[in-house]
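Residues per chain are reported as follows:
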Amino acid sequence: SKEQGRNTYNFYTARMNEDVAHRLLIEEQLRGALSRNELSVHYQPLVALDSRSLVGAEALLRWNNPVLGSISPEEFIPIAEKTGIIVSIGRFVLQKALQQNADWKRRYNTPLRIAVNLSPRQFRDDGLLPYIKQVLDETGLSPEHVELEITEGVLMSGHTLIDQALESLNKMGIGISMDDFGTGYSSLSYLRSYPFDTLKVDKSFIQDITVDPADLELVGAAVAMGQGLGLKVIAEGVETEAQYQLLATLGCDYGQGYLFGKPVDAEIFETTYLRH
Ligand code: C2E
Ligand code: CA
Ligand code: CA
Ligand code: CA
């Protein structure tokens, strides 16, 4: 009926307003999150599949807010991106992660590679490259120990300076990974056009490799293609021993996932993986 239709409509607008209000609350809280020290960086181990040894870590942002509790980056990163707050937050992550890796290097003599995620908005910041250089300078970390992860979204944003930025980073000796490989539309042409050195196969492809022959075929093809282009290949979201065995058989270079370790704070990372 008409009445019912209107109630449905009202129901959805109410829900939409709630969502908008929630987003605004996140945005408002996010603006002060850095200065209130609510942000931290967690580290997830990256493992060489042939030896099952630690080769690096991915830095992953965590936010704990007194009003909202602990909020997933899946929820707040898009808002940080849209509002531009990601520029300052992204610098915070770069600084923390590179400093941490430099400290670990000094104290444990471990040549770990630290991977940091960069989102599209950060490339519109003219200060990004100088900032990265400054952090390398200040921490004394060498660029070969840094990997920057970007998704297709960065390349699709159509910003003309992205080519130059990626070229400069590459020339500096910093590694560049294509994150979430396989989930976008034009990953293949991007692989050809930009100086990637690592390909991270999205976890949605890894999830079912032991039960879905098509997924196994796709991952095998991604490994062969990546390596054929001279790239290292990382499997994301490795959760089981059976997945690990299959990926090792495929000759995939590296793995990341709950099987090897969840993202943890720097202290736990250190006691678990570095202090032997
Ligand atoms: P991502 O870059 O693809 O990061 C990997 C995500 O997969 C992380 O989620 C990690 O906790 C999760 N993960 C790792 N191993 C497994 C596994 O075995 N199984 C499953 N189911 N998940 C696994 P997280 O930390 O919630 O981050 C989500 C996304 O938020 C990231 O996806 C990235 O896109 C974004 N993000 C996180 N930190 C940052 C940051 O500092 N800067 C930017 N720009 N984005 C970030
Ligand atoms: Ca990533
Ligand atoms: Ca990913
Ligand atoms: Ca992702």
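Quick caveat, the model's predicted, so the values are computed rather than measured. (Residues numbered from 1 in each chain as written. Chains lettered and ligands numbered in written order. Predicted model: local features only at pLDDT ≥ 70, side-chain atom pairs only at ≥ 80, totals over all residues. Heavy atoms only, no water.)

Bringing the confidence of the model for the protein chain into the picture now. Per-residue confidence for the protein chain averages 93 on the pLDDT scale, and 95% of its residues sit at or above 70. With pTM at 0.94, the complex prediction returns an ipTM value of 0.97. (pLDDT = per-residue confidence, 0-100.)

With that settled, the discussion passes to the coordination of the calcium ion (ligand 3). Taken together, the protein donors to the calcium ion (ligand 3) comprise Asp 179 (OD), Asp 180 (OD), Glu 236 (OE) and Glu 236 (OE), at separations of 2.2 to 2.5 Å. Taken as a pair, the calcium ion (ligand 3) and the calcium ion (ligand 2) lie 4.0 Å from each other and share Asp 179 as a ligand. Residue class for Asp 180 comes out partly exposed when judged on its relative accessible area of 26%. (Donors = N, O, S within 2.8 Å, 3.2 Å for Na, K, Ca; no water. Buried < 20%, exposed > 50% of the residue type's maximum accessible area, 1.4 Å probe, protein only.)

Now for the packing of helix H3 (residues 86-108) against helix H11 (residues 266-274). Axis separation between H3 and H11 bottoms out at 12 Å; the angle between their running directions is 35 degrees. Crossing hand, H3 versus H11: right-handed. Contacts between H3 and H11 involve Gln 100, Trp 104, Arg 107 and Tyr 108 on the former and, on the latter, Ala 266, Phe 269, Glu 270 and Leu 274. Looking at the contact of H3 with H11 residue by residue, the class counts come to five nonpolar, one polar and two charged. (Axes fitted to C-alpha atoms, helices over the stretch in contact; angles between N-to-C directions. Helix = DSSP H or I, 4+ residues; strand = E, 2+ residues; numbered from the N terminus. Left-handed = near helix turned anticlockwise from the far one by under 90°. Contact = heavy atoms within 4.5 Å. Nonpolar A, V, L, I, M, F, W, Y, C, P; charged D, E, K, R; others polar.)

With that out of the way, let us pick up the side chain of Glu 147. Counting through the fold element by element, Glu 147 comes out in strand E5 (residues 146-150). Residue classification places Glu 147 among the buried positions, given a relative accessible area of 5%. A distance of 3.1 Å separates polar atoms of two side chains, one belonging to Glu 147 and the other to Thr 198. (Polar contact = N/O pair within 3.5 Å; in protein donor to acceptor, adjacent residues only side chain to side chain.)

As a further point, take the coordination of the calcium ion (ligand 2). All of the protein donors around the calcium ion (ligand 2) are Glu 58 (OE), Asn 117 (OD1), Glu 149 (OE) and Asp 179 (OD); their distances to the metal are 2.1 to 2.3 Å. On the primary sequence, the residues serving as donors to the calcium ion (ligand 2) are separated as E-x58-N-x31-E-x29-D.

A few words on the packing of H3 against helix H4 (residues 128-139). Any two packed helices are characterised by the angle at which their axes cross and by the distance between the axes. Put simply, H3 and H4 touch, their axes get as near as 10 Å, and they point 25 degrees apart. Compared by their axis directions, H3 and H4 come out roughly parallel. Helix-helix and strand crossings are classified by hand; for H3 and H4 the assignment is right-handed. Within the contact between the two elements, H3 uses Arg 91, Leu 94, Gln 95, Leu 98, Gln 99 and Ala 102 and H4 uses Leu 128, Tyr 131, Ile 132, Val 135, Leu 136 and Thr 139. Its residues assigned to classes, the contact of H3 with H4 comprises eight nonpolar, three polar and one charged. (Parallel < 35°, antiparallel > 145°, perpendicular 65-115°, else oblique.)

Of all the five residues making up E5, five are buried; the element is thus mostly covered by neighbouring parts of the structure. Judged by which residues are buried, E5 turns out to be covered on both faces: Val 146, Leu 148 and Ile 150 on one side and Glu 147 and Glu 149 on the other are all buried. Taken together, the four bridges between strand E4 (residues 113-117) and E5 define a ladder with parallel strand orientation. Among the inter-strand pairings, Ile 114 is bridged to a residue of E5, identified as Val 146. (Pairing = 2+ DSSP bridges.)

A separate point is the site of ligand 1. The immediate surroundings of ligand 1 are formed by 21 residues, with Gln 44, Arg 62, Lys 203, Glu 239 and Tyr 258 found nearest. The side chain of Asp 179 places a nitrogen or oxygen atom 3.1 Å from an oxygen atom of ligand 1. Contact between ligand 1 and Tyr 258: an oxygen atom at 2.8 Å from a main-chain N or O atom of the residue. Counting only elements with at least two residues in the shell around ligand 1, the list comes to strand E2 (53-65), helix H2 (73-83) and strand E6 (175-181). A per-element tally of the shell around ligand 1 places E2 first, with four residues. Along the lines of polarity and charge, the residues of the shell around ligand 1 split into eight nonpolar, five polar and eight charged. (Near = heavy atom within 4 Å.)

Under the criterion given, the structure shown has seven aromatic pairs. These aromatic residues form a ring-pair network of at least three members: Tyr 43, Trp 104, Phe 269 and Tyr 273. One cation-aromatic arrangement involves Arg 52 over Tyr 244; the distance from NZ or CZ to the ring centre is 4.6 Å. Positioned above the aromatic ring of Tyr 258 is the side chain of Lys 262, whose terminal nitrogen or guanidinium carbon lies 4.6 Å from the ring centre. (Phe/Tyr/Trp six-rings, centres within 6.5 Å; stacked < 30°, edge-to-face > 60°. Lys NZ or Arg CZ within 6 Å of the ring centre and 35° of its normal.)

Moving on to helix H10 (residues 241-250). Restricting attention to buried positions, one finds in H10 the residues Gln 243, Tyr 244 and Leu 247. Summarising the axial view, the buried residues of H10 lie within an arc of 100 degrees, below the 170-degree limit, and thus occupy one face. The inward-facing, buried residues of H10 abut helix H8 (203-206), helix H9 (213-228) and strand E8 (232-235). Note on H10: the residue one or two positions beyond its end, Gly 251, has a positive phi of about 85 degrees. (Arc of directions from axis to C-beta.)

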